[in-house]
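# A look at the structure
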Amino acid sequence: MTEIYGSHSITIEVWPNGEEKWRPEIYIRSVDEPTSAFTILPTKPISDTKAEAENSALELAKKWIDNGKPEQT
(Lines give C-alpha, C1' and ligand atoms only; values in the text may rest on other atoms or scores of the structure.)
Protein backbone atom coordinates (compact mmCIF):
# COMPACT_ATOMS: atom_id res chain seq x y z
CA MET A 1 0.00 0.00 0.00
CA THR A 2 1.32 3.45 -0.90
CA GLU A 3 -0.37 6.76 -0.11
CA ILE A 4 0.64 10.40 -0.61
CA TYR A 5 0.07 12.49 2.53
CA GLY A 6 1.36 15.98 3.32
CA SER A 7 3.91 15.92 0.47
CA HIS A 8 5.21 12.54 1.64
CA SER A 9 4.95 9.13 0.08
CA ILE A 10 4.03 6.55 2.73
CA THR A 11 4.58 2.92 1.84
CA ILE A 12 3.27 0.22 4.16
CA GLU A 13 4.35 -3.37 3.74
CA VAL A 14 2.65 -6.01 5.86
CA TRP A 15 4.17 -9.41 6.50
CA PRO A 16 2.73 -12.55 8.07
CA ASN A 17 4.28 -13.22 11.46
CA GLY A 18 3.03 -16.71 12.22
CA GLU A 19 -0.16 -17.78 13.96
CA GLU A 20 -2.24 -15.57 11.65
CA LYS A 21 -0.67 -12.33 12.94
CA TRP A 22 0.61 -9.43 10.80
CA ARG A 23 3.66 -7.16 11.19
CA PRO A 24 3.73 -3.82 9.32
CA GLU A 25 6.78 -1.93 8.07
CA ILE A 26 6.55 1.82 7.37
CA TYR A 27 8.69 3.66 4.79
CA ILE A 28 8.30 7.42 4.30
CA ARG A 29 9.88 9.62 1.62
CA SER A 30 9.39 13.35 1.08
CA VAL A 31 8.24 13.98 -2.48
CA ASP A 32 9.47 17.61 -2.32
CA GLU A 33 13.10 16.79 -1.52
CA PRO A 34 15.58 15.92 -4.25
CA THR A 35 17.00 12.93 -2.35
CA SER A 36 15.27 9.59 -2.32
CA ALA A 37 16.24 8.73 1.26
CA PHE A 38 13.62 6.84 3.20
CA THR A 39 12.70 7.14 6.84
CA ILE A 40 11.73 3.88 8.45
CA LEU A 41 9.44 4.17 11.46
CA PRO A 42 9.16 1.58 14.18
CA THR A 43 5.71 0.04 14.22
CA LYS A 44 3.15 -0.79 16.83
CA PRO A 45 2.77 -4.37 18.02
CA ILE A 46 1.74 -7.09 15.64
CA SER A 47 -1.95 -7.05 14.60
CA ASP A 48 -4.55 -9.80 14.22
CA THR A 49 -5.51 -8.88 10.64
CA LYS A 50 -3.66 -7.55 7.62
CA ALA A 51 -6.07 -4.60 7.30
CA GLU A 52 -5.62 -3.73 10.99
CA ALA A 53 -1.83 -3.75 10.57
CA GLU A 54 -2.02 -1.52 7.47
CA ASN A 55 -4.43 0.95 9.06
CA SER A 56 -2.53 1.30 12.34
CA ALA A 57 0.77 1.76 10.49
CA LEU A 58 -0.73 4.39 8.17
CA GLU A 59 -2.16 6.33 11.13
CA LEU A 60 1.21 6.18 12.90
CA ALA A 61 2.97 7.54 9.78
CA LYS A 62 0.46 10.39 9.37
CA LYS A 63 0.79 11.33 13.04
CA TRP A 64 4.60 11.38 12.71
CA ILE A 65 4.34 13.72 9.68
CA ASP A 66 1.76 15.95 11.41
CA ASN A 67 4.03 16.23 14.48
CA GLY A 68 6.84 17.73 12.40
CA LYS A 69 8.78 14.48 11.84
CA PRO A 70 10.42 14.31 15.28
CA GLU A 71 13.65 12.39 15.73
CA GLN A 72 13.20 8.75 16.58
CA THR A 73 14.53 7.48 19.89
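Residues numbered from 1 in each chain as written. Predicted model: local features only at pLDDT ≥ 70, side-chain atom pairs only at ≥ 80, totals over all residues. Heavy atoms only, no water.

Core analysis: the biggest nonpolar cluster contains twelve residues, these being Ile 10, Ile 12, Val 14, Ile 26, Ile 28, Leu 41, Ala 53, Ala 57, Leu 58, Ala 61, Trp 64 and Ile 65. Every element with two or more residues in this core is listed here: strand 2 (8-16), strand 3 (22-30) and helix 1 (50-66). Take this core: its biggest share by element is six residues, from helix 1. Sequence-distant contacts of Ala 57, defined by excluding residues within four places in its chain, comprise Ile 12, Pro 24 and Ile 26. (Core = buried A, V, L, I, M, F, W, Y, C linked by side-chain atoms within 4.5 Å. Buried < 20%, exposed > 50% of the residue type's maximum accessible area, 1.4 Å probe, protein only. Helix = DSSP H or I, 4+ residues; strand = E, 2+ residues; numbered from the N terminus. Contact = heavy atoms within 4.5 Å.)

Following the criterion strictly, the structure yields three salt bridges and no others. Asp 48 is the salt-bridge partner of Lys 21, the closest N and O atoms lying 2.4 Å from each other. Here Lys 21 is found in the loop between strand 2 and strand 3, whereas its partner Asp 48 is found in the loop between strand 4 (39-41) and helix 1, with 27 residues between them in sequence. Accessibility expressed as a relative area gives 32% for Lys 21, which makes it partly exposed. Classification of Asp 48 by relative accessible area gives partly exposed; the value is 46%. Note that Glu 25 and Arg 23 form a salt bridge whose closest N and O atoms lie 2.7 Å from each other. Of the residues examined, Arg 23 reaches a relative accessible area of 31% and is grouped as partly exposed. (Salt bridge = Lys/Arg side-chain N within 4 Å of Asp/Glu carboxyl O.)

We now examine the sheet that holds strand 2. The strand order across the open sheet built from four strands is 1-2-3-4, with neighbouring strands paired in antiparallel fashion. Looking at which strands have only one partner, the edges of the open sheet turn out to be strand 1 (2-5) and strand 4. The mean inter-strand angle of the sheet, taken between neighbouring strand axes irrespective of direction, is 25°. Its contacts with the sheet put helix 1 on strand 1, strand 2, strand 3 and strand 4, and the angle it makes with strand 2 is roughly 150°. (Pairing = 2+ DSSP bridges. Axes fitted to C-alpha atoms, helices over the stretch in contact; angles between N-to-C directions.)

Bringing the pairing of strand 2 into the picture now. Bridge count for strand 1 against strand 2 is four bridges, and the pairing is antiparallel. For Tyr 5, the partnering residue across the bridge sits in strand 2 and is His 8. Turn length for the strand 1-strand 2 hairpin, with the two strands adjacent in sequence and antiparallel, is two residues, and the turn residue Gly 6 shows positive phi of about 55°. Of the pairings in the sheet, the one linking strand 2 to strand 3 comprises nine bridges and is antiparallel in character. Counted as the bridge partner of Val 14 is Pro 24 from strand 3.

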